[in-house]
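Next come the chains, spelled out residue by residue.
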Amino acid sequence: MTVLRTNRLELLPASQADLDILVAHWNQPEVRQYLFDDREVSAELAATILADSADDFTEHGYGLWKAYLRDELVGVCGLRRHDSGQVEIVYSLEPARWGSGLATEAALAVLETGRRAGLKEILLETDEGNVASQRLARRLGAVPRGGADGILQYVISPP
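The structure presented is a predicted model; accordingly, all values stated were derived computationally and were not measured.

Caption draft 1: Local environment of the nonpolar core. Within the largest apolar cluster, 30 residues are counted, with the highest numbers of intra-cluster contacts made by Leu 11 and Ile 89. Those residues in contact with Leu 11, other than ones at most four positions away along the chain, are Thr 2, Val 3, Leu 4, Thr 6, Trp 65, Lys 66, Ala 67, Cys 77, Ala 106 and Val 110. In this structure, Val 41, Ala 46, Leu 64 and Leu 73 belong to the second largest nonpolar core, which totals 15 residues.

Caption draft 2: Highlighting the side chain of Thr 113. With respect to the element layout, Thr 113 can be found in helix 4 (residues 102-116). With near-sequence residues (within four places) excluded, Thr 113 lies in contact with Leu 4, Gly 61, Tyr 62 and Trp 65.

Caption draft 3: Fine view of helix 5 (residues 131-139). Among the residues of helix 5, those classed as buried are Ser 133, Gln 134, Leu 136 and Ala 137. End-on view of helix 5: buried residues confined to an arc of 160 degrees, all on one side of the axis. Residues Arg 138 and Arg 139 are exposed on helix 5 and point more than 90 degrees away from its buried face. On its buried side, helix 5 packs onto strand 5 (87-93), helix 4, strand 6 (122-127) and strand 8 (151-156). In the segment just after helix 5, Gly 141 is the residue with positive phi, at about 80 degrees.

Criteria and cut-off values
Residues numbered from 1 in each chain as written. Predicted model: local features only at pLDDT ≥ 70, side-chain atom pairs only at ≥ 80, totals over all residues. Heavy atoms only, no water. Core = buried A, V, L, I, M, F, W, Y, C linked by side-chain atoms within 4.5 Å. Buried < 20%, exposed > 50% of the residue type's maximum accessible area, 1.4 Å probe, protein only. Contact = heavy atoms within 4.5 Å. Helix = DSSP H or I, 4+ residues; strand = E, 2+ residues; numbered from the N terminus. Arc of directions from axis to C-beta.

So this is what it looks like as structure tokens:
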């Protein structure tokens, strides 16, 4: 599995060994507010997400990466199969790191991996109330595609 590096980040493939740190990260109220519709992330759900990511890495060369700034976990970013069958970019960032540009940096590295994997189009979904993710979508060159039920959809053509 591929390790990704940016100017500031090292992105390491997430695995079942990361279950505890990712459950703690995803269960922060600010993180799960938009990513998990403010529902608590159980260890079982996180294990399923990590198993699906491992399958995606094996089959497609992409999945979920943990983003580290020096030795500090600052977030998660990756590509996964959406319920629609499309590939979707997902990300979460430690609230203390919001506004630092790290989500953009991680997302650009992940999108490049998607491009190398042959993806021509990647879905990005965000809640209507998540203004920060809407700004990130624009920085990534995402084009609005509509949405429903409080969810906005964008399409990204990887660089």
